[in-house]
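# Fold and geometry: a report
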Amino acid sequence: MKILEFLSNPIIGIEQWIMQLLENWGVTPEWQTFLVYLIGAAILGTGALLITLILIWAERKIIGRLQDRLGPNRIGPWGIFQPVADMLKIFIKEHIIPDGVDPIPYHLAPIISVASVLLLWSVVPFSDSVRGSDLNVALLFILGVGGLGELGVILAGWGSNNKYSMLSAFRASAQMISYEIPMAIVLLATVILSGSMSMGDIVKSQNIAYIFFLPLGAFIFFVASIAENGRAPFDLAEAESELVAGFNMEYSGLKFGMFYVADFLRAFTSAVIFSSIFLGGWRGPGAEQIPILGFVYLLIKSVIVWFLGVWIRGSLPRFRVDQMMAITWKFLTPLALALFIAVAFVMKLLENTNQWLQVLILLVINVALFFVGFAIIKKFEKEKERKIVSSKKRVLAQPTNPFTQSETGG
Amino acid sequence: METYKPTWIQFKIQYYLYGLIFLIFDVEIVFLFPFAVAFGKLALFAVVEATIFILILLGGYLYVWRKDALTWQ
Amino acid sequence: MTPLQIVFILVALVTIVSALFVVSLRKIFHAALWLIVTLMGVAIIFALLEASFFAAVQILVYIGAIAIILIFAIMLTRNIMSDEEVQINRSWGIVLFLVLVFTVIFISQLSSSDVINTILIPLEFQGQESIIAFGEGLLDPAGYALPFELASLLLLGALVGGVYIAMDKKGGENK
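The sections below set out a description of the structure shown in this document. (Residues numbered from 1 in each chain as written. Chains lettered and ligands numbered in written order. Predicted model: local features only at pLDDT ≥ 70, side-chain atom pairs only at ≥ 80, totals over all residues.)

### Concerning the overall build of chain A
When you go through chain A residue by residue, the secondary structure sums to 14 helices and zero strands. Shown N-terminal to C-terminal, the secondary structure of chain A runs as helices and strands in the order α-α-α-α-α-α-α-α-α-α-α-α-α-α. Counting all 410 residues of chain A, 42% fall into the buried class. A sequence separation of at least 24 residues applies to 75% of the contacts in chain A between residues at least 6 apart. (Helix = DSSP H or I, 4+ residues; strand = E, 2+ residues; numbered from the N terminus. Buried ≥ 20, exposed ≤ 12 C-beta atoms within 10 Å, placed from the backbone. Contact = placed C-beta atoms within 7 Å.)

### Points about the overall build of chain C
From N to C terminus, chain C includes six helices and zero strands. Along its sequence from the N terminus, chain C presents helices and strands in the succession α-α-α-α-α-α. In chain C, buried positions account for 23% of the 175 residues. Restricting to contacts in chain C with at least 6 residues of sequence separation, those with at least 24 account for 52%.

### Things to note about the environment of F126 of chain A
Residue and element names in this part refer to chain A. Following the sequence through the fold, F126 ends up in the loop between α5 (103-120) and α6 (138-159). Owing to 22 C-beta atoms within 10 Å, F126 belongs among the buried residues under this scheme. On a C-alpha basis, the gap between F126 and W78 in space is 30 Å, while along the polypeptide they are 48 residues apart.

### Some thoughts on helix α12 (residues 291-315) of chain A
Residues and elements named next belong to chain A. The terminal C-alpha atoms of α12 lie 37 Å apart, and with 25 residues this matches the ideal 36 Å at 1.5 Å per residue to within 8%. Where α12 is concerned, the buried positions are G294, Y297, L298, K301, S302, V305, W306, G309 and V310. On its buried side, α12 packs onto α3 (29-66), α10 (215-229) and α11 (254-277). (Expected span 1.5 Å × (residues − 1).)

### Some details on the interface of chain B and chain C
Interface size, as often reported, equals the accessible area lost upon joining of the parts. Taken together, the 38 residues of chain B in the interface contact 41 residues of chain C. Residue assignment for the side of chain B that touches chain C shows that the elements contributing at least two residues are α1 (13-37) and α2 (44-66) of chain B. Tallying contributions element by element places α1 of chain B first for the side of chain B that touches chain C, with 19 residues. In terms of residue class, the side of chain B that touches chain C is made up of 29 nonpolar, four polar and five charged. (Nonpolar A, V, L, I, M, F, W, Y, C, P; charged D, E, K, R; others polar.)

So this is what it looks like as structure tokens:
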């Protein structure tokens, strides 16, 4: 029975074993906790980076299938060793450092990018008792870490000593900061529902998943987190076939690999956060008694959300930069603010009623807001239609008779 | 490799505008977080207060919108 | 020494040294980066004092917004690739001496009074309670509701003023 008990909550079991071991070596309790946290952080960070390997393979396969081609299939059965080959290639490439770079920003930028993604893993609750740290301001922490991501991009652009890199970095960071506002406002609406900023409390208070309370909020959050990550259809900053430079143009070898890893991992991390906040995280049948089941539920939910992101990536064409900025500033932000006011009023007026009634009314309001907002924006922006360049027929472009073309000067 | 002649960037002021509007809304959201956390214990009047807070800033936002500061040229 | 004390001394040293770098470096972009380190140091000190909300707000607003807008402004106003100016004027010796004298007097007076306590007192608040109390006080009509609304007016003024000044430049660019 002890084995079953250990298996049902392995992480706590390991933690207690380590603390017992340290106690036997005569370490004081304060240093014990510190060392256990250190080991836990190392394991979590390494685990997150190792997940990236699977993610890279899966994403390339899925995008390949969406584009009607096979993904990588040469290295190993179904190409599952492809990321290993990628890793080896990136490790052994030469670090070409351009001439006039500023050493500290240039070398710091990939580190800050990866660090900002890994920090997000520290507040995600994996089960009732297992999480990196039960921060009581976890949502503000998530937003702040997004800010660190923008900083990494700016440092990369500036440190490269390349005007085009800098320009691209500014554009990428303007995109990232613009999409952080709707995310933050939707998180505010979530805090109203749950009464706490801590992720553990938010997951615990979701007897009914918040996506039913705030479907519009979930939509806004999903779109904003895809855009903040810089993935398609918002990937103007790293458009593979268009720009001469991205902000990570001057990086080679492992440093570029770190940007690459940060990009892919960020997609999965925002899927995990989305499913924690909106889909109920580790909650599911039987997750309170058997914590490892909670971990499995979280994995399933976030894989579904991540798959949705990859699906969108493979299907939609890229937005123009002015369309992208118009979406956030003219559509998402006012909509999110209106949603917040509506949620605040409705939840205060319906404070002690049945939860399902609240869900129903909020659902109706969400859908209504979406359509009203869309209609208003459409009407507002109508006067900006582009002028049709020319509607005159051009004689030379439409030869009627090729044998008489030369008479008109063709 | 250095470029042939010194180049300069046409740094659009649009970046600064986006940063400025982001800053203002960031501070607004920071003010609204304690309101949201203490929501269970507040009266309806507090919701009205917070709505006034947001509406004042929405008025400014409307001004910014009409002034065309949000459009990327 | 407890780990807390070691962390505090390290963080305080880093903050002070980076603040010195902010005011004395020649390349202004580097000064902006050291400013970010200073702000991060202040955030960590907030966290050490168990004021977690303010640590997160410091990172979110100062580093995530103000430092970025500062960097944008630096890029906008300078030909940044080539700029080296000495940041120190001739009277730096006298100023340093006066600052040291002032610091010594200040700290000695404060530590001999009963106002400042250098031992970390654990708060009775658990979890969200401190933020809930903060929110209640902020929105209470008998509390700080009026400054709350005035803060929004202040933000409105900043928004409109900033956009008004910048739009002249932007309009000029497009002509």
